[in-house]
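Residues per chain, in single letters:
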Amino acid sequence: MTVVLCADDRGGLSFHGRRQSRDRLVYEDLLSQAAGRLLWMEPCSRPLFPQEARTVRTAEEPWTQAGAEDLCFLELQDPTPALARADQLVVYRWNRHYPSDRKLPLPPEGWTLTGRTEFPGHSHDVITKEIYQR
């Protein structure tokens, strides 16, 4: 399973039960990366994706439903249980400092950076996409 997160420069993931930020080009890239595989996510994230995206699935704990080849996008929940099942991690970095109360040290222990690309976002000048393998 591939876990997908969005983080600020300090590893911040969310703040008071809300996503830190959003950018529609991240969601387009994520759908493109899924490329026919199932994309599991929390119900609160579903409105960010087109309704016609047929591979999107929601669950309260999406990592418990995702199969080995699926992606699991998390915004508000602690990613630790999902990372325990994952073999790949994708982090979209906002390249900014936002307030956060849920953080993840990046890279997590035992994960190796295997790829990094940058692209212009819609609401962010530059978004960095990092791919880690266990």
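Note that the coordinates shown come from a computational prediction; the quantities given were computed from them, not determined experimentally. (Residues numbered from 1 in each chain as written. Predicted model: local features only at pLDDT ≥ 70, side-chain atom pairs only at ≥ 80, totals over all residues. Heavy atoms only, no water.)

### Some words on the sheet that holds strand β2 (residues 12–15)
Turning to step 1, where the next piece is worked out: Strands sit in the order β3-β2-β8 across an open sheet of three strands; the sheet is antiparallel. In this open sheet, the two edge strands, each paired with only one partner strand, are β3 (18–19) and β8 (102–103).
Turning to step 2, where the next piece is worked out: One ladder, built from two bridges, connects β2 with β8; its direction is antiparallel. Pairing of Ser 14 across the sheet is with Arg 102, part of β8. (Pairing = 2+ DSSP bridges. Helix = DSSP H or I, 4+ residues; strand = E, 2+ residues; numbered from the N terminus.)

### Comments concerning the sheet that holds strand β1 (residues 2–7)
Turning to step 1, where the next piece is worked out: In space, the seven strands of this open sheet follow the order β5-β4-β6-β1-β7-β10-β9, with mixed pairing throughout. Pairing within the sheet leaves two strands with one partner each, and these edge strands are β5 (56–58) and β9 (112–119). Along the sheet, successive strands turn relative to each other by an average axial angle of 25°, direction set aside.
Turning to step 2, where the next piece is worked out: Summarising the sheet, strand β7 (residues 88–93) and strand β10 (residues 127–133) pair through six bridges and their orientation is antiparallel. The residue of β10 that forms the bridge with Val 91 is Glu 130. (Axes fitted to C-alpha atoms, helices over the stretch in contact; angles between N-to-C directions.)

### What about the nonpolar core?
Turning to step 1, where the next piece is worked out: Residues Val 4, Val 26, Leu 30, Leu 39, Phe 49, Phe 73 and Tyr 92 are the most contacted members of the largest nonpolar core, which totals 20 residues.
Turning to step 2, where the next piece is worked out: Breaking this core down by element, the ones donating at least two residues are β1, α1 (24–34), β4 (39–41), β6 (71–73) and β7.
Turning to step 3, where the next piece is worked out: Among the elements that take part in this core, α1 stands out by supplying four residues, more than any other.
Turning to step 4, where the next piece is worked out: Those residues in contact with Leu 30 that sit more than four places away from it in its chain are Val 4, Leu 39, Phe 49, Leu 71, Phe 73 and Tyr 92.
Turning to step 5, where the next piece is worked out: Of all hydrophobic cores here, the second largest spans 19 residues; its members include Val 3, Ala 86, Leu 104 and Trp 111. (Core = buried A, V, L, I, M, F, W, Y, C linked by side-chain atoms within 4.5 Å. Buried < 20%, exposed > 50% of the residue type's maximum accessible area, 1.4 Å probe, protein only. Contact = heavy atoms within 4.5 Å.)

### Some thoughts on the side chain of Gln 88
Turning to step 1, where the next piece is worked out: Within the secondary structure, Gln 88 sits in strand β7.
Turning to step 2, where the next piece is worked out: What Gln 88 contacts, discounting residues up to four positions off in sequence, is Met 1, Thr 2, Val 3, Trp 111, Ile 131, Tyr 132 and Gln 133.

### A closer look at the side chain of Glu 42
Turning to step 1, where the next piece is worked out: Summarising the element assignment, Glu 42 is placed in the loop between β4 and β5.
Turning to step 2, where the next piece is worked out: No salt bridge is formed by the buried Glu 42, whose closest oppositely charged neighbour, Arg 19, lies at an N-O distance of 7.6 Å.
Turning to step 3, where the next piece is worked out: A polar side-chain atom of Glu 42 sits 3.2 Å from the main-chain amide nitrogen of Gln 77.
Turning to step 4, where the next piece is worked out: Excluding anything up to four places from it in sequence, Glu 42 contacts Thr 58, Ala 59, Pro 62, Phe 73, Leu 74, Glu 75, Leu 76 and Gln 77. (Lys, Arg positive; Asp, Glu negative; His and termini not counted. Salt bridge = Lys/Arg side-chain N within 4 Å of Asp/Glu carboxyl O. Polar contact = N/O pair within 3.5 Å; in protein donor to acceptor, adjacent residues only side chain to side chain.)

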